[in-house]
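Architecture and fold: a report
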Amino acid sequence: NGMLYGGAVGTGFAVFESMGYAMNIYMGSGFFGLFQFATDNAFDKMVNVIGLRAFLSPGGHIAWAAMEGAFLLIVLGGKEFKWSAIISPKYLTFLAIPVALHAVWDMPILNFSILFVPVKQTALSVIAWIIILVFLHRGLSEINEI
């Protein structure tokens, strides 16, 4: 359940962030960019950014938030939520995984594409989904035991 709730929250965040990127490109940058007329080239760039972010989103904020939701419920262990859970060493250790993935995603290293597909972000998406599948398997094993 935590993975589902986290993924839903991550999806919402990814949509708003992508729309922010698109608006910045289309409207121009900075305060005075709001008063510029957008060009066809700006529209094409905006569409390209939205398309790329849509392609990468399942391995970005959606996956990271899904991990965080799963980790939180693992730490809670079926007990009622308490704020102390999010500062527990176990949760903070789990939290380091999506934080590290996000940090590497944003780092200006290994930024190259093959056939217009960003290699670093694609590799990080695969890593994120392997982690998610491991925890999904763990959850299904718990259900089978019950």
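From a predicted model like this one, the values you see are computed outputs, not experimental measurements. (Residues numbered from 1 in each chain as written. Predicted model: local features only at pLDDT ≥ 70, side-chain atom pairs only at ≥ 80, totals over all residues. Heavy atoms only, no water.)

1. Here we look at the side chain of S88
Along the polypeptide, S88 turns up in the loop between α3 (61-76) and α4 (89-106). Of the polar contacts made by the side chain of S88, one reaches the backbone oxygen of A85; its length is 2.9 Å. (Helix = DSSP H or I, 4+ residues; strand = E, 2+ residues; numbered from the N terminus. Polar contact = N/O pair within 3.5 Å; in protein donor to acceptor, adjacent residues only side chain to side chain.)

2. So, the nonpolar core
In globular proteins that are soluble, nonpolar side chains generally tend to be buried together. M3, M67, F71, L101, I131, I132 and F135 are the most contacted members of the largest nonpolar core, which totals 21 residues. Those elements giving two or more residues to this core turn out to be α3, α4 and α5 (119-145). The dominant element in this core, judged by the number of residues it contributes, is α3, at nine residues. Not counting chain neighbours up to four residues away, the residues in contact with M67 comprise I97, P98, L101, A128, I131 and I132. (Core = buried A, V, L, I, M, F, W, Y, C linked by side-chain atoms within 4.5 Å. Buried < 20%, exposed > 50% of the residue type's maximum accessible area, 1.4 Å probe, protein only. Contact = heavy atoms within 4.5 Å.)

3. Examining the environment of Y26
Residue placement: Y26 occurs in helix α1 (residues 2-27). Judged by relative accessible area, which is 30%, Y26 ranks as partly exposed. Residues Y26 and Y91, spaced 65 residues apart in sequence, show a C-alpha to C-alpha distance of 40 Å.

4. Focus: the pattern of salt bridges
Tallied over the full model, the rule gives two salt bridges. One salt bridge connects R53 with E17, and the closest N-O pair in it is separated by 2.5 Å. Here R53, found in helix α2 (residues 40-56), pairs with E17, found in helix α1; they are 36 residues apart in sequence, far enough to count as distant. Here R53 falls in the partly exposed class, since its relative accessible area comes to 21%. (Salt bridge = Lys/Arg side-chain N within 4 Å of Asp/Glu carboxyl O.)

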